[in-house]
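Tertiary structure, described
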Amino acid sequence: MRLFLFFIAVLLCLTISAQIVDDSTKLVYGPETTSFTTEAQVLNNQVKYQTVDTSIYKFERKSFYDQSGRKFQNLGNFGTALFPIFYTPQKLIGRSSGFNAYSRYAFQPEEIKYYDTKSPFIELQVYLGGGNRNLVDIGFSRNVNENWNLGFDLRKITANKQLAPESQTDRQVVGTSFTGYTHYKHATLPYQAMASYSSMSHKVVEQGGARPTTDSLRTDFFLFDNALVRLDEAQSIVKVSRWHVYQDVKIADQFQLYHVFDYRKETNIYQDYETSTGPGGYNYYTDFYDEFLIDPDSTHERSVFTSLSNEVGWKGDISSVFYRFYARIRSIDWNYLLYNPGEKTVEKYLGGYARFDWKEKFAVTANAEYLVGGEYQFGGNISSDLINVSYKSMKFAVPFIYSDYFGNHHEWHNNFKQVFSNKLDGQINLDFKSFEIRPKVSLTSYNNFIYFDQGIEPRQASDPVLISSFGGDFNLRFFNDKEEGWHLENEILATNVSGGASSFVRVPDVYFNGRFFWRGKWFNDLIPVEFGVDAHGRSSYFANAYAPEIQQFYLQDDQEIFGYTAADLFINMKVDKFFFAIKWTHFNQPQDDGYFVTPNYPGQPKVIDLIVRWMFFD
């Protein structure tokens, strides 16, 4: 971490020195001269370069957990395992590893920004959280010439234990994610290429959650520094590396050829061993696991998943209609340390996509994909200023973790059927001068739903299940002629789960996100400011528990996660290209109390966080 901060300091010094100008020189570069696009926009001929974001709106939400509206379970700390509270079908219809708890901390090809810069661009973001929870993200991009750009993004997460730390530097999470990318356009030929390399190394000390005493009280879970935990030497290690290339050649507006190459390797490691017993005679090893199939004294698990795919297709614009057809070959391999489930698998796909645009006010899209073997997906989207409607139907292959597994604490071999899902989302946008109303509905159904039961065994439901969510955004604003004033923003979702398999899906009946804040400018209208309260609440429910040895969340009936609303006080400000926020996280925490994000895992206690963003353009 020290070396990482030293590298940042040197880079900043070089950049600041490059920005020094005399009285006769005006710095002409800035956010308006720096823009970006994404691979998806290029792939679907929707290239619209966007300038970098300079708003302070929701700047206090800089962690992944906050940016999601806290719609994930985690383990109460930065960089810990994640599980979506609202079940959503997976994106891929082919085979996957099923190890997704830490995948969101890696850079994904679809989120990489390919810049067009008139000058070197550096963006530094630092989150200095109370309890030694830190996030540093530094991005760099520059044009070699008008047709060629290079850049990288480096992100570091470090977090001390929030439960039972033994010292001020007792780390629970150390994670590093990197992506390097380039975008090249030929000066005379109608050819372009986008390429990226991404990697992640993520290490987490797994504590198993807080452990109450025999005569447990609710306060036993919220002792934090003085808490008792369930694991002492367990550790998860996730390593990901990925190469990705997109290229196309334009023969005519109506006909273009393209190719996408993707290689990904994912390694998941879990290790633990027997150590001395803790308070009350608790054994951190033998008392946590239910069984030992290989070694009663130590555990070492490892799985490796690799995939290599090549997609070729043609696309084009015909008047207001865009079309794209493609074929893809994907080779996958999967094995455990002591068990190989089978030979390499080759998947063959055919697919298409179409879009109709009308004066940038109305758009209709449709897509379909078929995998030889019976898996498929198709769907569509209608978007306009007034309504947004989307539908997606899928039949997807069961991830490997549900089918076959052999390790020190679990073994199973299943022949599950493909999972079938339908998802329908709708929203109406009603905007008025002083308020906005955006009713929403989301209906998601599953057949052959897969899950982990109370015994941490994979199961497949024989009955269907329907998840119905209703609600929306309800926003009020009271401002003057300078658009300064108070804003009240609310997102409310009421969810019902029905069907024969409803007992296997756990979702809170009510979920709430709210912000009450003042927005305006201070100091002669020079400094944009936001300050207020950011609140997140939900009703009680039996949330899924977490099994660190397989990185999976599973059903439990022992601990109901009680309803709670956690609130943060914040102030966001911007001075030229320097942004900062101060946040009093969970300022409403009662004495010796709190809330749970996952059974046995208390949410973040009351702390002060400082968030900084600084952009350089020369």
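See the structure above.
1. Focus: the environment of Phe596
As for its placement among the helices and strands, Phe596 is situated in strand β34 (residues 596–598). Since its relative accessible area comes to 3%, Phe596 is described here as buried. Look past the residues within four positions of Phe596 in its chain and what remains in contact with it is Phe221, Phe222, Arg538, Gln559, Ile561, Phe562, Tyr601, Pro602 and Gly603.

2. Notes on the sheet that holds strand β5 (residues 114–117)
Taking strand neighbours across the sheet as the criterion, the three strands line up as β2-β1-β5 in an open arrangement whose pairing is antiparallel. Either end of the sheet is taken by a strand with one partner, and the two such strands are β2 (50–51) and β5.

3. A look at the environment of Ala159
Considering the arrangement of structural elements, one finds Ala159 in strand β8 (residues 148–160). Separated by 83 residues in sequence, Ala159 and Arg242 have C-alpha atoms that sit 25 Å apart. Non-local contacts of Ala159, meaning those with residues more than four positions away in its chain, are made with Asn77, Phe78, Asn132, Arg133, Arg171, Gln172 and Val173.

4. With respect to the packing of aromatic side chains
As enumerated under the stated definition, the model contains 57 aromatic pairs in all. An angle of 55 degrees between the planes, with centres 5.4 Å apart, marks the rings of Tyr115 and Phe121 as tilted. Here Tyr115 matches Phe121 in class, with each residue buried. Arranged with centres 5.1 Å apart and planes meeting at 80 degrees, the rings of Phe221 and Phe596 form a pair that is edge-to-face. Residue Phe221 is found in the loop between β10 (191–205) and β11 (235–252), and its partner Phe596 is found in strand β34; the two are separated by 375 residues along the sequence. Across the pair, Phe596 and Phe221 agree in class, each one buried. The cationic tip of Arg155 hangs over the ring face of Phe107; the distance from NZ or CZ to the ring centre is 4.1 Å. Directly above the ring of Phe517 sits Arg515, whose terminal nitrogen or CZ lies 4.4 Å from the centroid.

5. Quick look at the pairing of strand β1 (residues 34–37)
Neither face of β1 is open: one carries Thr34 and Phe36, the other Ser35 and Thr37, and all of them are buried. Strand direction decides the pairing type here: β1 and β5, joined by four bridges, are antiparallel. Each residue of the ladder has a partner; that of Phe36, found in β5, is Tyr115. Note that β1 and β2 share two bridges and pair antiparallel. Looking at β2, one finds that Ser35 is bridged to Thr51.

Conventions used here
- Residues numbered from 1 in each chain as written.
- Predicted model: local features only at pLDDT ≥ 70, side-chain atom pairs only at ≥ 80, totals over all residues.
- Heavy atoms only, no water.
- Helix = DSSP H or I, 4+ residues; strand = E, 2+ residues; numbered from the N terminus.
- Buried < 20%, exposed > 50% of the residue type's maximum accessible area, 1.4 Å probe, protein only.
- Contact = heavy atoms within 4.5 Å.
- Pairing = 2+ DSSP bridges.
- Phe/Tyr/Trp six-rings, centres within 6.5 Å; stacked < 30°, edge-to-face > 60°.
- Lys NZ or Arg CZ within 6 Å of the ring centre and 35° of its normal.

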